[in-house]
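Chain residues, written in single-letter form:
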Amino acid sequence: MRERLLKILSQFRGKRILVLGDVMLDQYIWGKVSRISPEAPVPVVEVERVTYSPGGAANVAMNVANLQGKVSLVGVIGDDQEGDWLKRTFVDNQIDIKGLITDRNRPTTLKTRIIAHSQQVVRMDREMTESVDKTIAQKLLNYSLTALRDIDAILISDYAKGVTVRAMLEQIIFSFRKAGKIVVVDPKGYDYSKYKGATAVTPNKQEAAQAVNMIIENENDLLHAGKTLLRDLNCEAVLVTRGEEGMSLFESSGNITHLPAVSREVFDITGAGDTVTSTFTIALTTGAAMVDCARVANYAAGIVVGKVGTAVVSIQELKKVIAQDISACEGKNI
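Keep in mind the model is a prediction, meaning the values are calculated, not measured.

About the criteria used
Residues numbered from 1 in each chain as written. Predicted model: local features only at pLDDT ≥ 70, side-chain atom pairs only at ≥ 80, totals over all residues. Heavy atoms only, no water. Helix = DSSP H or I, 4+ residues; strand = E, 2+ residues; numbered from the N terminus. Polar contact = N/O pair within 3.5 Å; in protein donor to acceptor, adjacent residues only side chain to side chain. Contact = heavy atoms within 4.5 Å. Pairing = 2+ DSSP bridges. Axes fitted to C-alpha atoms, helices over the stretch in contact; angles between N-to-C directions. Phe/Tyr/Trp six-rings, centres within 6.5 Å; stacked < 30°, edge-to-face > 60°. Buried < 20%, exposed > 50% of the residue type's maximum accessible area, 1.4 Å probe, protein only.

Asker: Just to check I follow, could you spell out the side chain of Thr281 for this structure?
Answerer: Within the secondary structure, Thr281 sits in helix 8 (residues 272-284). Separated by 2.7 Å, the side chain of Thr281 and the backbone oxygen of Thr277 make a polar contact. With residues near it in sequence (within four places) discarded, Thr281 still touches Ile17, Ala153, Leu155 and Val184.

Asker: What is the right way to read the sheet that holds strand 3 (residues 43-56) from this model?
Answerer: With mixed pairing, four strands are arranged side by side in an open sheet as 3-2-6-7. Of all strands in the sheet, those bounded by a partner on one side alone are strand 3 and strand 7 (119-126). If you compare each strand with its neighbour and ignore which way they point, the axes differ by 20° on average. Here strand 6 (residues 109-116) runs beside strand 7; their pairing, made up of seven bridges, is antiparallel.

Asker: I would appreciate a short explanation of the packing of aromatic side chains in the present structure.
Answerer: A ring pair, where both rings are aromatic, is described by two values, the distance of the centres and the angle of the planes. Within the structure shown, the criterion is met by three aromatic pairs. Ring geometry for Tyr28 and Trp30: centres 5.7 Å apart, planes at 25°, overall stacked. Given a relative accessible area of 2%, Tyr28 falls into the buried group. Its relative accessible area of 12% is what places Trp30 among the buried residues. Seen from their ring centres, Tyr52 and Trp85 are 5.9 Å apart, and the 45° between their planes marks the pair as tilted. With Tyr52 in strand 3 and Trp85 in helix 3 (residues 81-92), this residue pair connects regions lying 33 residues apart in the sequence.

As structure tokens, then:
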């Protein structure tokens, strides 16, 4: 199996991925706490530094780029310094931003996390979640359809911030699948019907539970949720990420495989879903078996949760961990 997975990684370079979704910026305010405020029973964080990382669909694009894929990003940013920072970062990482639209009527989504002693104290969000107007949605659609011929897969990163409107998604999924392209969706919300027909969806356990209107408390619940999503969405696979429990792959062939978590130490799960979806998508473009693509994505998840903050995984890190620890990700059929 080691050789099989390493062969998948060797084919990542140059794979063309279109990333469509909610582009965000993650801000981290790092500091330390040594006292409680006299004004209220809250910790006083003494700020030591401030860092920024691409978030949401932007983090997905960065992950694909770090895995040696060729990325085109389609989304919306505001006419602000946060949007400018993101554009510079994309250009520096050779991410095509011709499909990135600046909307002067909405801010770039900004998530601010205050971290003290490697622990998140509070998060603040500045965002507008209303759907983008029809003119902008049409521009996003037109660009995506124009790029269809030149890409190997489209990855839809839905964070429910207003970009992935139903009519646009339905037309994109239909057109891309008709053209034989891979369509992977990192979903959000309670109604997954707008993702119907995609190649695969990659919800976490909580998102999968919401989508089928149930609580997942045991393996039987998980099996029901996965099979239900697979049937209702008419897709080839549902990959449910389960945190410390690993992930479970449901395939239209009837195969169900549970992959145990491979992380050695968990510092931060922020952005782990982005890494899984990115790795899984680019792996699928190699033509490898679905379960092997999930295995590679599982390794990527194990690496990224060992980093603090929104992070990405490199191809070198993946090669190293797969070469060292093949047995942990073999999985079992359930």
